Amino acid sequence: MRRAGFALAAAALLAGCGGKRTHVATLPAPGQTYTADGKVVRITGLTALPPPTGAATGAAVADARAVPPQFQYLYGSAEAAALSRQAFRALVSYASYRRAAGDSVVLRPGATLAAPQWQACEGKPRAAVFDADETVVLNLGIEALAARDPAAPFDPAQWARWERTGAKAVARVPGAVEAFAALRAANITVIINSNRGAATAAGTVAGLKAAGLGDFTPGTDLFLRDGPSGKDARRSAIAARYCVVAMAGDQLGDFSDLFNAIPSAAERRRAADSGAIADLWGNGWFVLPNPVYGSGLKGGFDEVFPLDKRWSDTP
C-alpha cells in the first residue's frame, strides 16, 4: 500500500508540473541595474573582493613600478651600504690618528687644485666635516617621488617643502651613526656643512636627529646655505675655529668649490686623479657613492668612452 501511495502522489505531481511553463530568470550584466526589495541595485564588474578598509590601493600600484637602476643601487643595494661603511670606517681610522698639528684638509683661500695650500691647524681642536644629503642621511621620501619620474626637472619649491617637513622620511647612511659616535668619543667635533637652506634649519635639525645622528645647532656644528650654493666660505669659517682633519661628501663640491668651476667631465676627472689632490682620497677626503644626482652625472659619449679605447665586436 505504501508503494502504491507513493506512485499515485508522484503521478499527481508530474501532472501538475506538466501544465505549467517554467520561467528562468536572466541575471543583469555588469553595469546594469535592477530593483530588489524596493531598492535599486547595480551589478559591478568585480571579479574579486576589494582590499580591506584602510589597505593601500593607489600607492601599492605605484610601488609596483620598476625602480630605475641608479635608485636601486644607492637606496636598496648591499653594495652601496658596504661602500658607505667602508668610507666611514676609513675616515674614523684616519681622523683618530691625525693630531691637531700641521695643516688641515681644507684648502686655503686663493689655492688651486694644481698647487694646493692648506689652512693651518695651529693647535685648534679637531673636527670632521660632513655633507648632509646622501652623505649622512638618505632622502628616501622625496627620492621615492623622483624615482617615479627621473626625467622631471629639479623643483626648488618642492625641495624646500621637503627640508621643512621630511624628517620622518629620511634614513641614516649605513655607518654614519657609528662613525659619529666614534669621532665624538675621540673628542673630534662632528660638523655638518650642507647646502640645505638656512630658512629651513629646523627641518634639517629634526631630520638629522630622526636619523640617529644627534643634536645639531645652526652656526655651531651645522652650517647651512644662506645665499650662493658654494661651500668654500663656510669651510673657511669652520677651519678658522677647528683643525679639520677629515671631510666627507658625495659630490666633489663637498671638498672644494674649485671642482664646480671645471666644465668638462674629462678635465674634472683628471683634476681629481692627479697631483696632490689624488693623494687626498682616503687620506683626509672621503667620498660616498651617489649615482642618482649631482655634478658627477655628466660627460658626453666621447668623454666617457675615448675613441682610442673603442672596440668592435667581430664574430
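Right, let's walk through the structure included here. Just so you know, these numbers come straight off a predicted model, no measurement behind them. (Residues numbered from 1 in each chain as written. Predicted model: local features only at pLDDT ≥ 70, side-chain atom pairs only at ≥ 80, totals over all residues. Heavy atoms only, no water.)

1. Structural notes on the nonpolar core
A general tendency of soluble globular proteins is for nonpolar side chains to be buried together. Residues Phe 130, Val 136, Leu 183, Ile 192 and Leu 213 are the most contacted members of the largest nonpolar core, which totals 43 residues. Sorting elements by how many residues they give to this core places helix α4 (residues 78-97) first, with 6 residues. Counting 24 residues, the second-largest nonpolar core is a separate cluster that includes Ile 191, Phe 259, Ile 262 and Ala 272. (Core = buried A, V, L, I, M, F, W, Y, C linked by side-chain atoms within 4.5 Å. Buried < 20%, exposed > 50% of the residue type's maximum accessible area, 1.4 Å probe, protein only. Helix = DSSP H or I, 4+ residues; strand = E, 2+ residues; numbered from the N terminus.)

2. Details of the side chain of Thr 200
Tracing the sequence through the fold places Thr 200 in the loop between β8 (189-197) and α8 (201-210). Exposure remark for Thr 200: the relative accessible area of 6% places this residue in the buried category. Residues contacting Thr 200, with those up to four places away along its chain left out, are Ala 160, Glu 163 and Arg 164. (Contact = heavy atoms within 4.5 Å.)

3. Quick look at the state of the cysteines
Across all of its chains, the model carries 1 disulfide by this definition. Residue pairing for Cys 121: its cysteine sulfur links by disulfide to Cys 243, the two sulfurs lying 2.0 Å apart. On the S-S bond that ties Cys 121 to Cys 243, the torsion sits near 60°, and the link is right-handed. Of this pair, Cys 121 sits in the loop between β4 (118-120) and β5 (126-130) while Cys 243 sits in strand β10 (residues 243-249), and the two are 122 residues apart along the sequence. Just as Cys 121 is buried, Cys 243 falls in that class too. (Disulfide = S-S within 2.5 Å.)

4. Topic: the side chain of Thr 135
For Thr 135, the location among the structural elements is in the loop between β5 and β6 (137-138). One polar contact links Thr 135 to Asp 131, side chain to side chain, over a distance of 2.9 Å. Ignoring any residue separated from it by four or fewer positions in sequence, one finds Thr 135 in contact with Phe 88, Val 173, Ala 248, Gly 249, Asp 250, Asp 254 and Leu 288. (Polar contact = N/O pair within 3.5 Å; in protein donor to acceptor, adjacent residues only side chain to side chain.)

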